[in-house]
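Remarks on the overall topology
Here is what each chain is made of, one letter per residue.
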Amino acid sequence: MKKYVAEPFRIKMVETIKMTTKEEREKSMAEAHYNMFGLRGEDVYIDLLTDSGTNAMSDTQWSGVMRGDEAYAGGNSYYKLVEDGRDIFGYEFIQPVHQGRAAEKVLFPILLNSDKVAISNTFFDTTRAHVELAGARAIDCVVEEAKQPSLRVKFKGNMDVEKLEKLINEYGAEKVGVIVMTITNNSAGGQPVSIANMREVSKIAKKYGIHLCIDAARFAENAFFIKRDEEEFKDVSIKDITREMFSYADTFTMSAKKDAIVNMGGLIGIKEDAELYQKVKGNTISFEGFITYGGLSGRDLESLSIGLYEGLDEEYLKYRNGQMEYLAGLLDEAGIEYQSPVGGHGVFIDAAKMLPHLKYYEYPGHALAVELYLEAGIRTCDIGSFMLGNDPDTKEQLESDFEFTRLAIPRRVYTQSHLDIIAEALINIKKRASEVPGYRITWEPEILRHFQAHVEPIK
Ligand SMILES: *Cc1c(COP(=O)(O)O)cnc(C)c1O
């Protein structure tokens with residue numbers, strides 16, 4: 001059994017969670033049209049829907065909340081955030097926005113239009129949506145190893161650089177509006193990207209004069225993997241690794257609700273292009289709010305600044321990764337397959353393997369998510385064909401490379417015994433896996449349908 005890495009903190013405040021019965025959960029699930037996003041938070045026992053904005057802030061961050069400067073223009077908290085962002089990422093321009101997708105909404109229309117495509121190691125769902133909303137098409141280009149969940153190799157989040165160059169030549173460099181490096185690669189299972197890969201992608205981007213943007217939600221977890229697994233960096237600090245990662249790109253968009261350990265916030269970083277920054281400021285004012293608050297309160301800016309540094313703390317990152325390793329270890333013992341080696345922010349169960357009787361259009365990742373809720377009040381979500389949605393041109397259901405049920409672990413929130421309960425629930429479901437029904441959609445919106453779609457079990 002994997003040893004649990006003890007928490008490098010103690011608990012100062014607690015939040016009671018409600019215990020529910022199976023009958024209550026069946027009722028709640030049906031009322032939510034079998035959509036995990038339709039459940040009420042209070043009806044969930046362990047909420048692994050996302051690690052986004054579900055973090056527990058520290059006492060230092062909460063003290064920062066009290067110091068937030070709420071000036072409409074030119075508040076202290078803004079200047080502190082810009083300074084800290086420059087210090088950590090080495091970029092000249094730092095623009096706060098209210099969350100990651102806001103960063104995408106502000107930046108992508110500047111880089112993309114209906115003549116363009118965008119290529120990524122794997123687009124996250126909102127990122128793909130904003131590429132499409134800007135009129136462009138999104139192409140995923142992850143290494144082949146990522147598509148085999150049981151294959152244990154390092155840096156499965158990497159870009160397939162050979163395929164990238166082929167794609168650029170196929171479309172013509174002038175048609176590629178942006179290359180996006182998602183670190184860690186969320187949709188591929190929170191898998192990290194190596195510096196070696198960043199260097200190669202950066203070289204190709206420079207060769208063809210294409211803009212390189214980092215989708216930076218989990219930059220610190222990615223840096224942790226680089227330190228652990230990339231020989232060259234074993235004695236380099238997480239902060240210096242972070243600097244090096246960002247040195248290869250032109251811009252970044254960031255959801256601060258992940259590694260910056262806050263409940264709301266986002267950032268855009270621009271390395272040096274003042275002209276681009278001017279356009280970003282324009283869009284920020286239109287969509288988000290004035291430049292010096294970007295859709296956030298001063299107190300949010302303050303806790304974000306503090307969280308950026310807390311997220312880089314090595315003892316914290318060891319504990320964080322230890323939780324993933326511990327849960328993955330329990331699943332190994334039970335013969336439950338997941339995207340392995342385990343990634344940075346959660347365990348991505350291979351639902352196609354666990355429920356082999358379900359086809360991709362019966363949404364195995366979603367089916368297992370519903371089952372986990374009914375079994376133990378654990379809320380997770382599909383990262384597979386249900387999330388991927390329909391082809392924007394043909395409207396046909398796309399087949400995802402993966403059918404995952406994502407167990408995203410919130411930061412500094414759950415304990416070892418919660419992880420034990422999660423493993424136990426999965427083991428129970430595995431025993432009766434062949435009885436788990438598939439699902440069909442009865443209503444769906446056009447974009448980001450998984451958040452709102454109504455589904456029902458196939459009888
Ligand atoms: C969460 C996330 C986003 C979007 O950020 P929000 O804060 O949820 O809007 C974009 N990219 C990646 C990789 C993410 O994980």
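Residues numbered from 1 in each chain as written. Predicted model: local features only at pLDDT ≥ 70, side-chain atom pairs only at ≥ 80, totals over all residues. Heavy atoms only, no water.

As for the site of the ligand
The local shell around the ligand holds 15 residues, among which Arg101, Asp215, Arg218, Ser255 and Lys258 are the closest. The side chain of arginine 101 places a nitrogen or oxygen atom 2.7 Å from an oxygen atom of the ligand. Lysine 258 has a polar side-chain atom sitting 2.8 Å from an oxygen atom of the ligand. In the complex, 98% of the free accessible area of the ligand, which totals 380 Å², lies under the protein chains. When residues of the shell around the ligand are traced back to their parent elements, those giving at least two are α4 (100-111) and α5 (125-133). Ranked by the residues each element gives to the shell around the ligand, the list is headed by α4, at 3 residues. Within the shell around the ligand, the residues separate by chemical class into 2 nonpolar, 7 polar and 6 charged. (Near = heavy atom within 4 Å. Polar contact = N/O pair within 3.5 Å; in protein donor to acceptor, adjacent residues only side chain to side chain. Areas by Shrake-Rupley, 256 points an atom, 1.4 Å probe, with all protein chains shown as cover. Helix = DSSP H or I, 4+ residues; strand = E, 2+ residues; numbered from the N terminus. Nonpolar A, V, L, I, M, F, W, Y, C, P; charged D, E, K, R; others polar.)

Digging into the domain arrangement of the protein
Domain parsing of the protein yields domain 1 (22-51 + 313-457) and domain 2 (60-310). Centre-to-centre, using C-alpha coordinates, domain 1 lies 25 Å away from domain 2. Taken together, the contact pairs 36 residues of domain 1 with 38 residues of domain 2. Broken down residue by residue, the surface that domain 1 buries against domain 2 is led by Leu317, Gln339 and Arg411, which jointly contribute 17%. In this structure, the connection of domain 1 to domain 2 is made through 10 salt bridges. A salt bridge links aspartate 51 to arginine 218, with the shortest nitrogen-to-oxygen separation between them at 2.8 Å. Along the contact surface separating domain 1 from domain 2 lie 26 residue pairs in polar contact (both at pLDDT 80 or more). When contributions to the side of domain 1 that touches domain 2 are tallied by element, the ones reaching two or more residues are α12 (314-334), β9 (346-350), α15 (385-388) and β12 (404-408). (Domains from an automatic or database assignment. Contact = heavy atoms within 4.5 Å. Buried area = accessible area lost by both parts, 1.4 Å probe. Salt bridge = Lys/Arg side-chain N within 4 Å of Asp/Glu carboxyl O.)

Some points on the sheet that holds strand β7 (residues 251-255)
Taken in spatial order, the 7 strands make up an open sheet running β2-β8-β7-β6-β5-β3-β4, and their pairing is mixed. Of all strands in the sheet, those bounded by a partner on one side alone are β2 (93-97) and β4 (137-140). Looking at each pair of strands side by side, their axes are set apart by 20° on average, direction ignored. Note that strand β6 (residues 212-215) and β7 share 3 bridges and pair parallel. Opposite isoleucine 214, over in β7, you have phenylalanine 252 as the bridge partner. (Pairing = 2+ DSSP bridges. Axes fitted to C-alpha atoms, helices over the stretch in contact; angles between N-to-C directions.)

Some thoughts on the environment of asparagine 283
Topologically, asparagine 283 is positioned in helix α10 (residues 274-287). Those residues in contact with asparagine 283 that lie beyond four places of it in its chain are Val106, Ile110 and Glu288.

Here we look at the packing of helix α7 (residues 195-208) against helix α9 (residues 238-247)
Each packed pair of helices is defined by two parameters, the angle between the axes and the distance between the axes. Their axes nearest at 9 Å, the elements α7 and α9 cross at an angle of 20°. When the axis of α7 is compared with that of α9, the two are roughly parallel. Considering how the two elements wind past one another, α7 and α9 form a crossing that is left-handed. Facing Ile195, Met198 and Arg199 of α7, the residues of α9 in contact are Ile241, Glu244 and Met245. Across the contact of α7 with α9, the residue classes tally to 4 nonpolar, no polar and 2 charged. (Parallel < 35°, antiparallel > 145°, perpendicular 65-115°, else oblique. Left-handed = near helix turned anticlockwise from the far one by under 90°.)

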